[in-house]
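# An overview of the molecular structure
Next come the chains, spelled out residue by residue.
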Amino acid sequence: MTDLKGKTAIITGGSRGIGAGIAEKFAAYGANVAIIYNGNLEKATEVKQKVESFGTKCEIYKCNVASSEECKQTVKNIVADFGGFEILVNNAGITKDNLLVMMEDEEFDAVIDTNLKGCFNMIKACSRNFIKKKYGKIINISSVSGIMGLAGQANYSASKAGVIALTKVTARELGGKNVCCNAIAPGFITTDMTKDLDSSEEFLKSIPKARLGTPEDVANLAAFLASSMSDYITGETVRVDGGLAI
Ligand code: NAP
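Figured I'd write up the structure that's included with this text. Treat the numbers as computed from the prediction; the structure is a model and nothing was measured.

## What to know about the overall build of the chain
Looking only at helices and strands, the chain features 8 helices and 7 strands. A globule of 246 residues ought to have a C-alpha radius of gyration of about 18 Å, and the chain, at 17 Å, matches this closely. Dimensions of the chain, computed from C-alpha atoms along their principal axes, come out at roughly 50 × 40 × 35 Å. Looking at the chain as a whole, 51% of its 246 residues qualify as buried. By sequence separation, contacts in the chain at least 24 residues apart represent 75% of the contacts at least 6 residues apart.

What follows is the structure, encoded as structure tokens:
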């Protein structure tokens, strides 16, 4: 049984989609939640209310994860508000798809800065707390795009492949401090990010499970990786993709 009672989780990009699903799932298992969002205060407030309905504490923090300074300050604020934390979920992410030959520098840089550097910024800002505590669970949201490489996503695939490598480095460097770091590679999940996706029968045939995933499909694995049931798993990347990348 997954039990996160008494634990505090930081979830980046917790205001919508997969991050919101993880926030609610963690709260259902008893965790307090610190939600980081980028600008959507209304959505972040809705998630806060849902999390609080489970009887756990929730605060929301506006922070651009691409800024190391903002990450440092936000983690300080979270420690002041919650007294510490045990779990970090690096979920904030964006896409700016374009064919390689058409891709602008700005499109490449923005995606790397948010998806990969944002993940690094948060791990760095949180690591001393984990080391002092001799305990921590870090979960990075990568993508099957980072495993397969998808046309039109040179920036995104590279950022998500980088997240997998960063996960392995973190696992090696912090394993001796009792900190686990794993990645989840979702396939196509129904969120704002995929709202323009082709959902024809033809497209669904490319997924062995013949459907898109839900934020809850991803949240179920995140809860396992955040719990003591996964204490001997680190440096791993697990696909939640209905078989898409087999
Ligand atoms: P989404 O619905 O578009 O939500 C993105 C979230 O990230 C929002 O909470 C947003 O905050 C936050 N965010 C974006 N830029 C940020 C920044 N610079 N600093 C802080 N927060 C930022 O996306 P999603 O589909 O749930 O995706 C979540 C993660 O899963 C991403 O890393 C994505 O790459 C990955 N993923 C998604 C899919 C999929 O099919 N959906 C598949 C594979 C991997 P605001 O609400 O304030 O804008």
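## Notes on the sheet that holds strand β4 (residues 87-90)
The 7 strands lie next to each other as β3-β2-β1-β4-β5-β6-β7, forming an open sheet whose pairing is parallel. Two strands in the sheet have a free side with no partner beyond their single neighbour: β3 (58-62) and β7 (237-240). Averaged over all pairs of adjacent strands, the angle between strand axes in this sheet comes to 20°, irrespective of strand direction. Note: strand β5 (residues 136-141) against strand β6 (residues 179-186), 6 bridges, orientation parallel. Pairing of Ile-139 across the sheet is with Asn-182, part of β6.

## Digging into the nonpolar core
Judged by nonpolar contacts, the single largest core of 29 residues is most densely connected at Ile-11, Ile-22, Phe-26, Val-33, Val-89, Ile-139 and Ile-184. If you list the elements that add at least two residues to this core, you get β1 (8-12), α1 (17-28), β2 (32-37), α2 (41-52), β4, β5 and α8 (215-226). With 7 residues, the single largest contributor to this core is α8. Apart from residues lying up to four places away in sequence, Val-89 is in contact with Ile-10, Ile-11, Thr-12, Ile-22, Phe-26, Ile-139 and Ile-141. Ranked by size, the runner-up nonpolar core spans 26 residues in total, among them Ile-10, Ile-78, Ile-123 and Val-163.

## Considering the side chain of Thr-194
Looking at the secondary structure, you find Thr-194 in the loop between β6 and α7 (201-204). Overall, Thr-194 belongs to the buried group, its relative accessible area being 17%. Among the polar contacts made by the side chain of Thr-194, one reaches the main-chain carbonyl oxygen of Ile-189 at a distance of 2.5 Å.

## Notes on the site of the ligand
Every one of the 31 residues lining the ligand counts as a neighbour, but Ser-15, Gly-39, Asn-91, Tyr-156 and Thr-191 are closest to it. One of the backbone nitrogen or oxygen atoms of Asn-40 is found 2.8 Å away from an oxygen atom of the ligand. Note that an oxygen atom of the ligand is positioned 2.8 Å from one of the backbone N or O atoms of Ile-189. Relative to its unbound accessible surface of 900 Å², the ligand loses 94% to contact with the protein.

## Observations regarding the pattern of salt bridges
In total, this model carries 11 salt bridges according to the counting rule given. For Glu-69, the salt bridge is made with Lys-72, and the minimal N-O distance between the two is 3.1 Å. Here the residue Glu-69 and the residue Lys-72 both occupy positions in helix α3 (residues 68-82), the gap between them amounting to 3 residues, near one helical turn. In this structure Glu-69 comes out as exposed when scored by relative accessible area, which is 51%. Exposure remark for Lys-72: the relative accessible area of 44% places this residue in the partly exposed category. The salt bridge partner of Lys-137 is Asp-231, with a shortest N-O separation of 2.7 Å.

## Looking at a nonpolar patch on the surface
Residues Leu-99, Leu-100, Val-101 and Met-102 make up a contiguous nonpolar surface patch of about 490 Å² in total accessible area. Secondary-structure assignment places Met-102 in the loop between β4 and α4 (105-133).

Parameters at a glance
Residues numbered from 1 in each chain as written. Predicted model: local features only at pLDDT ≥ 70, side-chain atom pairs only at ≥ 80, totals over all residues. Heavy atoms only, no water. Helix = DSSP H or I, 4+ residues; strand = E, 2+ residues; numbered from the N terminus. Rg over C-alpha atoms; globule rule 2.2 N^0.38 Å. Buried < 20%, exposed > 50% of the residue type's maximum accessible area, 1.4 Å probe, protein only. Contact = heavy atoms within 4.5 Å. Pairing = 2+ DSSP bridges. Axes fitted to C-alpha atoms, helices over the stretch in contact; angles between N-to-C directions. Core = buried A, V, L, I, M, F, W, Y, C linked by side-chain atoms within 4.5 Å. Polar contact = N/O pair within 3.5 Å; in protein donor to acceptor, adjacent residues only side chain to side chain. Near = heavy atom within 4 Å. Areas by Shrake-Rupley, 256 points an atom, 1.4 Å probe, with all protein chains shown as cover. Salt bridge = Lys/Arg side-chain N within 4 Å of Asp/Glu carboxyl O. Patch = residues over 30% accessible without salt bridge, like charges linked within 9 Å, V, L, I, M, F, W, Y side chains within 5 Å.

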